[in-house]
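Coordinates in review
Listed here are the chains, written in short residue letters.
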Amino acid sequence: MKKTFLRCLAPLLLNSLFAQGINPVSVEPPQKIVIQRGQSATIKLQAKIEPGYHVNSNKPHEDYLIPLRMTLASDPLIVETVKYPVGHDEKYTFSEKPLNVLTGNFEVALTVKAPANLEPQMHVLLGKLRYQACSDKACLAPKTLEVRITADVR
């Protein structure tokens, strides 16, 4: 009875700790990009997942799982592509089937284009990385990290 109670309590405690600011995923501030009007450039976002945690890939096997998603405001640059890392399948005790996940360090690459009529100046682009971090025992609440990218449009 005591073990069952503790098993039920563990996810609640983990989510409570998460609400207090624990976040096993971080993104390094991206380097400034220089982009010519009418041209494209690639922005590479470096992310890190703490040991013992994983996030679902952008193509999880199950519809109910929260996928990794990177969005970027489409103004003033146009997002052409978002390239996600390839996930790998891992089996966890809480799931009957293997999950397609990311662990450790990973990179998301965005290709953006500067419209030909865009004024040449520095622009700050706002992006959001959405994910759900989990351990082998429980999943934390979904989170969205804000990412700021400086673009020097020439």
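What you are looking at is a predicted structure, and each value in this text was computed from that prediction instead of being measured. (Residues numbered from 1 in each chain as written. Predicted model: local features only at pLDDT ≥ 70, side-chain atom pairs only at ≥ 80, totals over all residues. Heavy atoms only, no water.)

Attention shifts here to the sheet that holds strand β12 (residues 143-153). Spatial strand order, β2-β12-β10-β5: four strands in an open sheet with mixed pairing. Whereas interior strands pair on both sides, the edge strands pair on one side only; in this sheet they are β2 (33-35) and β5 (69-72). Looking at each pair of strands side by side, their axes are set apart by 30° on average, direction ignored. Strand direction decides the pairing type here: strand β10 (residues 122-131) and β12, joined by 10 bridges, are antiparallel. In the sheet register, Met-122 faces β12, and the bridge partner there is Asp-152. (Pairing = 2+ DSSP bridges. Helix = DSSP H or I, 4+ residues; strand = E, 2+ residues; numbered from the N terminus. Axes fitted to C-alpha atoms, helices over the stretch in contact; angles between N-to-C directions.)

Parts of the prediction with low pLDDT should not have their coordinates interpreted in detail. Mean pLDDT over the protein stands at 88; residues scoring 70 or higher make up 86%. Low pLDDT, under 50, characterises residues 1-9; the predicted model gives this stretch zero contacts beyond four residues in sequence or across chains. Note on residues 16-20: pLDDT under 50 across the span, and six contacts to partners over four residues away in sequence or across chains. (pLDDT = per-residue confidence, 0-100. Contact = heavy atoms within 4.5 Å.)

Our focus in this paragraph is the state of the cysteines. Taken as a whole and judged by the stated rule, the model has one disulfide. Disulfide pairing is shown between Cys-134 and Cys-139; the S-S distance is 2.1 Å. The disulfide joining Cys-134 to Cys-139 has a torsion of about 105° about its S-S bond and is therefore right-handed. On the basis of relative accessible area, Cys-134 is assigned to the buried category, the value being 2%. (Disulfide = S-S within 2.5 Å. Buried < 20%, exposed > 50% of the residue type's maximum accessible area, 1.4 Å probe, protein only.)

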